[in-house]
Amino acid sequence: AQKVTQAQTEISVVEKEDVTLDCVYETRDTTYYLFWYKQPPSGELVFLIRRNSFDEQNEISGRYSWNFQKSTSSFNFTITASQVVDSAVYFCALSEPLYTGNQFYFGTGTSLTVIP
Amino acid sequence: ETGVTQTPRHLVMGMTNKKSLKCEQHLGHNAMYWYKQSAKKPLELMFVYSLEERVENNSVPSRFSPECPNSSHLFLHLHTLQPEDSALYLCASSQDLASGGAWETQYFGPGTRLLVL
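The structure displayed is predicted, hence computed values, not measured ones.

A. Representation of the pattern of salt bridges. In total, this model carries 5 salt bridges over all chains according to the counting rule given. Between aspartate 55 of chain A and arginine 51 of chain A there is a salt bridge, and its shortest N-O distance comes to 3.7 Å. The exposure class of aspartate 55 of chain A is partly exposed, given its relative accessible area of 29%. Residue class for arginine 51 of chain A comes out buried when judged on its relative accessible area of 4%. In this structure, glutamate 44 of chain B and lysine 41 of chain B form a salt bridge, with 3.6 Å as the shortest nitrogen-oxygen distance. Relative accessible area serves as the criterion here: at 42%, lysine 41 of chain B is assigned to the partly exposed category.

Below you can see the structure in the form of structure tokens.
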């Protein structure tokens, strides 16, 4: 079974619309970390956020916000007032350092296209 | 240069060729990683190095041979690859390895897009 599921393969929105990217994870660990990375067409994975399992406080950074819900094992990512530069593939990832050490589980990614 | 760099950015090779991918990190990190990214599949962790020692090898075929001469450089030597090895190969680094429940954020390079004919 996949540890990180990003059910949305592709999303298209019109510029200035809000968009939420879903991430559902599976873990047996009580201590784990969740990440979001952005991969623009250039290929480089850009780190966006890290959240540990003990911190369920939602976070906002500019137009980006993250909603971590342990009860539903979800770590969703919302872009407010989307822009063309947000077009990229977004990956959610999970690490379980106590259980699987350095293994880093990525979802299959959600390709976001923002249409001008 | 800053961050993590990878060369070449694109590589086309035949199945009998030998080539090497290079990764260099300018962040002063102690741990480095190779990942494979294939279309429609999650990133796969291939190798992990800490202070030039390999600490993980995730059942990667022997036609992929990593080398870490120092904590700033990581190579992936390729030999007699198969067409299914065509993918984006990403290098990453982190300050240290995960330990005691603490995780280190990984920073990625731009990748080498490999095509095996």
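Next comes the rest of the write-up.
B. Broad picture of the state of the cysteines. Taken as a whole and judged by the stated rule, the model has 2 disulfides over all chains. The side chain of cysteine 23 of chain A participates in a disulfide bridge whose partner is cysteine 92 of chain A; the two sulfur atoms lie 1.9 Å from each other. Where cysteine 23 of chain A bonds to cysteine 92 of chain A through sulfur, the torsion about that S-S bond is close to -65°, and the disulfide is left-handed. Residue cysteine 23 of chain A is found in the loop between strand 3 (19-21) and strand 4 (24-25), and its partner cysteine 92 of chain A is found in strand 10 (residues 88-95); the two are separated by 69 residues along the sequence. Cysteine 92 of chain A matches cysteine 23 of chain A in its accessibility class, with the two residues each being buried. Sulfur-sulfur distance for the disulfide between cysteine 23 of chain B and cysteine 91 of chain B comes to 1.9 Å. Judged by the torsion about the S-S bond (-70°), the cysteine 23 of chain B/cysteine 91 of chain B disulfide is left-handed. Here the residue cysteine 23 of chain B occupies a position in strand 3 (residues 18-25), and cysteine 91 of chain B occupies one in strand 9 (residues 87-94), the gap between them amounting to 68 residues. What makes cysteine 23 of chain B buried here is its relative accessible area of 0%. Unpaired in terms of disulfides, cysteine 68 of chain B finds its nearest cysteine sulfur in cysteine 91 of chain B, a separation of 9.0 Å. Exposure remark for cysteine 68 of chain B: the relative accessible area of 11% places this residue in the buried category.

C. Examining the packing of aromatic side chains more closely. According to the stated counting rule, one finds 19 aromatic pairs over all chains in the structure shown. Above the plane of the ring of tyrosine 105 of chain A lies lysine 3 of chain A, whose end atom (NZ or CZ) is 5.3 Å from the centre.

D. The nonpolar core, seen in detail. In terms of nonpolar packing, the biggest core is built from 23 residues, with Trp36, Phe77, Tyr90 and Leu112 of chain A touching the most fellow members. Of all the secondary-structure elements, those providing two or more residues to this core are strand 2 (10-14), strand 3, strand 5 (33-39), strand 8 (64-69), strand 9 (74-79), strand 10 and strand 12 (110-115) of chain A. Counting residues per element, this core draws most heavily on strand 10 of chain A, which supplies 4 residues. Here phenylalanine 77 of chain A is in contact with Val19, Thr20, Leu21, Trp36, Leu48, Tyr64, Ser65, Trp66 and Tyr90 of chain A, once residues within four sequence places are set aside. Membership of the second largest hydrophobic core comes to 22 residues, among which are Tyr49, Val60, Leu74 and Leu78 of chain B.

E. Region of the structure containing the interface of chain A and chain B. Listed by partner, the interface residues are 26 residues for chain A and 27 residues for chain B. Each partner contributes to the roughly 2,000 Å² buried at the junction of chain A and chain B, and carbon and sulfur atoms together form 56% of this total. Applying the counting criterion to the chain A and chain B interface returns 0 salt bridges. Our count for the chain A to chain B interface comes out at 4 residue pairs in polar contact (both at pLDDT 80 or more). Of all the secondary structure elements, the ones that give two or more residues to the side of chain A that touches chain B are strand 5, strand 6 (46-52), strand 10, helix 1 (97-100) and strand 11 (104-106) of chain A. If you tally residues by element for the side of chain A that touches chain B, the top one is strand 5 of chain A, at 4 residues.

F. Local environment of the environment of glutamine 103 of chain A. Position of glutamine 103 of chain A relative to the elements: it lies in the loop between helix 1 and strand 11. For glutamine 103 of chain A, a relative accessible area of 15% corresponds to the buried category.

G. Fine view of unusual backbone geometry. Across the junction of threonine 7 of chain B and proline 8 of chain B, the peptide omega takes the value -10°, indicating a cis bond. Secondary-structure assignment places proline 8 of chain B in the loop between strand 1 (4-7) and strand 2 (10-13). Backbone geometry places lysine 16 of chain A, a non-glycine residue, at a positive phi of 85°. You can see lysine 16 of chain A is positioned in the loop between strand 2 and strand 3.

About the cut-offs
- Residues numbered from 1 in each chain as written.
- Chains lettered and ligands numbered in written order.
- Predicted model: local features only at pLDDT ≥ 70, side-chain atom pairs only at ≥ 80, totals over all residues.
- Heavy atoms only, no water.
- Salt bridge = Lys/Arg side-chain N within 4 Å of Asp/Glu carboxyl O.
- Buried < 20%, exposed > 50% of the residue type's maximum accessible area, 1.4 Å probe, protein only.
- Disulfide = S-S within 2.5 Å.
- Helix = DSSP H or I, 4+ residues; strand = E, 2+ residues; numbered from the N terminus.
- Phe/Tyr/Trp six-rings, centres within 6.5 Å; stacked < 30°, edge-to-face > 60°.
- Lys NZ or Arg CZ within 6 Å of the ring centre and 35° of its normal.
- Core = buried A, V, L, I, M, F, W, Y, C linked by side-chain atoms within 4.5 Å.
- Contact = heavy atoms within 4.5 Å.
- Buried area = accessible area lost by both parts, 1.4 Å probe.
- Polar contact = N/O pair within 3.5 Å; in protein donor to acceptor, adjacent residues only side chain to side chain.

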